[in-house]
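Each chain, letter by letter, is given below.
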Amino acid sequence: FFSSRRRHTRLQGDWSSDVCSSDLETEQIVLDHSSWSQQELLLYIIQREFDLGNEALAGLAWEARAKSERDDATALADLNNQLYPLGYLAMLDEGDPPILSIAPHPEDQSIIPNWQMGVVWAMMAGFLTLIGTAWLGQFNPDAVAFDGGLLQEAAFTFALPMLIVLSLASEIRRRVALHFGVEIGHVVPIAFPILSASWPFGIAGILSQRRADLMPIPNRRALAFIEFATPLVLFFGGTILTILGLHLTPIEPPNLTSSPIAFQNNPLITIISLDWLGESLWVKMQWIHLTGLAGIGLTLIGWTLLLPIPGLPGDRILHAIVGPKQMSDSNRQTSIFVAMLAAMVLIFANTEYMPW
């Protein structure tokens, strides 16, 4: 560590006259007898970006204001760029005045190579194709297991549209994060090759390559945009696929081998398609085309991700809107829990649609 408080010692060496016939200019070596402590070094770096006040009671923390009327978020981002090579992370807690704290940087999570990600997505595509094939088998009593025609139709009308929307949501989320200086990686789809009447969509959810709670986010605005990107794309992409599927669904019932599932739309699809299809909308929903089934599944996943449940994007979006200090209040947490419980009771009391 370098210090402005130095006591220098000059060491001079002499060459013997029998080694060299003339005196040579001696080289001066500077020795530093005084080094900064860890806290002094951090203080020097922090004071480039912030004016510090009183020291907080616990850890490395101070009252702080950004220098030169700068925005706190910008100053914090610049400070973290300087602290990252040293293995530290700066965090600014809301308050009057704000509290700037320094902690060791969270251990980086490696992003898996593209070829491994490709294998995972290919496996999920296979699972979705099997689900689509099982769905088509309900309308074709003469079909055999792993029928080539059904596999091809399921791959192109169910698995492919769903994966296109998922990959679009993943890429938009990644680009939004990069815009705010966060390397977040792609999402990983989770699907199961089991057709169930309670959840016939195959897709069960999506995971992030990197844990959101271990990624430094520059500010609440960035957190909201990053977390809102995926649910938004899934909902509107699924809505488009559902409308396309309704267009491809015949009005006449197919050869059903079991009782049909009475699907329900989200309100946006109902508003858009009710005038267009009329009463036939509710008829088509009982044997909807595979593309429409994929759309309904994606919109449901999009809605689910917006729920304010810890670990889901909806919880982090709520933190970004309300603020971590308010979210930590026990009364507010209780109010959110009661509101969620009331909403669940109303939904279960007013619908027979199993996925809801």
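Note that the structure is predicted; figures quoted are calculated from it, not measured.

Engineer: I keep staring at the sheet that holds strand β2 (residues 60–66) and nothing clicks. Help me out?
Structural biologist: Sheet strands pair by backbone hydrogen bonding; their relative direction is either parallel or antiparallel. The strand order β1-β2-β4-β3 describes an open sheet built from four strands, whose pairing is antiparallel. Strands at the two margins of the open sheet, each flanked by one partner only, are β1 (50–55) and β3 (88–93). Averaged over all pairs of adjacent strands, the angle between strand axes in this sheet comes to 40 degrees, irrespective of strand direction. Bridge analysis of β3 against strand β4 (residues 99–104) gives six bridges, and the strand direction is antiparallel. Bridge pairing in β4 links Leu-92 to Leu-100. Sheet strands touched by helix α1 (residues 38–46): β1, β2, β3 and β4. Its angle to β2, the strand with the most contacts, is close to 15 degrees.

Engineer: I'm lost on the pattern of salt bridges in this one. Help?
Structural biologist: Any two side chains of opposite charge can pair, given that their charged atoms come close. Applying the stated criterion across every chain yields a total of four salt bridges. Between Asp-51 and Lys-67 there is a salt bridge, with the nearest N and O atoms lying 2.6 Å from each other. Note that Asp-51 is positioned in strand β1 and Lys-67 in the loop between β2 and α2 (72–83), a separation of 16 residues in sequence. Under the relative-accessibility criterion, Asp-51 is labelled partly exposed at 40%. Residue class for Lys-67 comes out partly exposed when judged on its relative accessible area of 24%. Between Glu-227 and Arg-316 there is a salt bridge, with its nearest N and O atoms 3.0 Å apart. Of this pair, Glu-227 sits in helix α5 (residues 220–248) while Arg-316 sits in helix α9 (residues 313–322), and the two are 89 residues apart along the sequence. With respect to burial, Glu-227 and Arg-316 carry one shared label: buried. Taken together, the shared-partner salt bridges connect Glu-171, Arg-174 and Arg-175 into one network.

Engineer: Please explain a nonpolar patch on the surface as it appears in this structure.
Structural biologist: A cluster of nonpolar residues, Phe-228, Leu-232, Phe-236, Trp-303 and Leu-306, forms a patch on the protein surface that exposes about 430 Å² of accessible area. If one sorts the elements of the nonpolar patch by residue count, α5 sits on top with three residues. Considering the arrangement of structural elements, one finds Leu-306 in the loop between α8 (290–305) and α9.

Engineer: Looking at this model, I keep getting lost on the side chain of Thr-157. Mind explaining?
Structural biologist: Mapping Thr-157 onto the fold places it in helix α4 (residues 148–179). A polar side-chain atom of Thr-157 sits 2.5 Å from the main-chain carbonyl oxygen of Glu-153. Apart from the residues within four sequence positions on either side, Thr-157 is in contact with His-289, Leu-290 and Thr-291.

Engineer: Looking at this structure, how should I read the layout of surface pockets?
Structural biologist: Rolled over the atoms, a probe as big as a water molecule pinpoints where empty space is left. Size it by volume and the largest pocket reaches roughly 1,400 Å³. Lining the largest pocket are 42 residues, with Met-215, Pro-216, Ile-217, Pro-218 and Asn-219 positioned closest to its centre. For the lining of the largest pocket, the elements supplying multiple residues, two or more each, are α2, β3, α5, α9 and α10 (324–327). Here the element with the most residues in the lining of the largest pocket is α2; it accounts for six residues. Of the residues belonging to the lining of the largest pocket, the class tally is 21 nonpolar, eight polar and 13 charged.

Engineer: Honestly, the packing of α4 against α5 in this entry has me stumped. Any pointers?
Structural biologist: To describe two helices that pack against each other, one gives the angle between their axes and the distance between the axes. Packing of α4 against α5 brings their axes to within 9 Å, and their N-to-C directions diverge by 155 degrees. As the angle between them shows, α4 and α5 are arranged roughly antiparallel. Crossing hand, α4 versus α5: right-handed. Between α4 and α5, the contacting residues are Pro-161, Met-162, Val-165, Leu-166, Leu-168, Ala-169, Ile-172, Arg-173, Val-176 and Ala-177 on the first element and Phe-225, Ile-226, Ala-229, Thr-230, Val-233, Leu-234, Gly-237 and Leu-241 on the second. Class assignment of the residues belonging to the contact of α4 with α5 gives a composition of 15 nonpolar, two polar and one charged.

Conventions we followed
- Residues numbered from 1 in each chain as written.
- Predicted model: local features only at pLDDT ≥ 70, side-chain atom pairs only at ≥ 80, totals over all residues.
- Heavy atoms only, no water.
- Pairing = 2+ DSSP bridges.
- Helix = DSSP H or I, 4+ residues; strand = E, 2+ residues; numbered from the N terminus.
- Axes fitted to C-alpha atoms, helices over the stretch in contact; angles between N-to-C directions.
- Contact = heavy atoms within 4.5 Å.
- Salt bridge = Lys/Arg side-chain N within 4 Å of Asp/Glu carboxyl O.
- Buried < 20%, exposed > 50% of the residue type's maximum accessible area, 1.4 Å probe, protein only.
- Patch = residues over 30% accessible without salt bridge, like charges linked within 9 Å, V, L, I, M, F, W, Y side chains within 5 Å.
- Areas by Shrake-Rupley, 256 points an atom, 1.4 Å probe, with all protein chains shown as cover.
- Polar contact = N/O pair within 3.5 Å; in protein donor to acceptor, adjacent residues only side chain to side chain.
- 1 Å grid on protein atoms, 1.4 Å probe; cavity = no way out; pocket = protein on both sides within 12 Å on 5 of 7 lines; lining within 4 Å.
- Points joined across faces, edges and corners; volume = space filled by probe spheres on them.
- Nonpolar A, V, L, I, M, F, W, Y, C, P; charged D, E, K, R; others polar.
- Parallel < 35°, antiparallel > 145°, perpendicular 65-115°, else oblique.
- Left-handed = near helix turned anticlockwise from the far one by under 90°.

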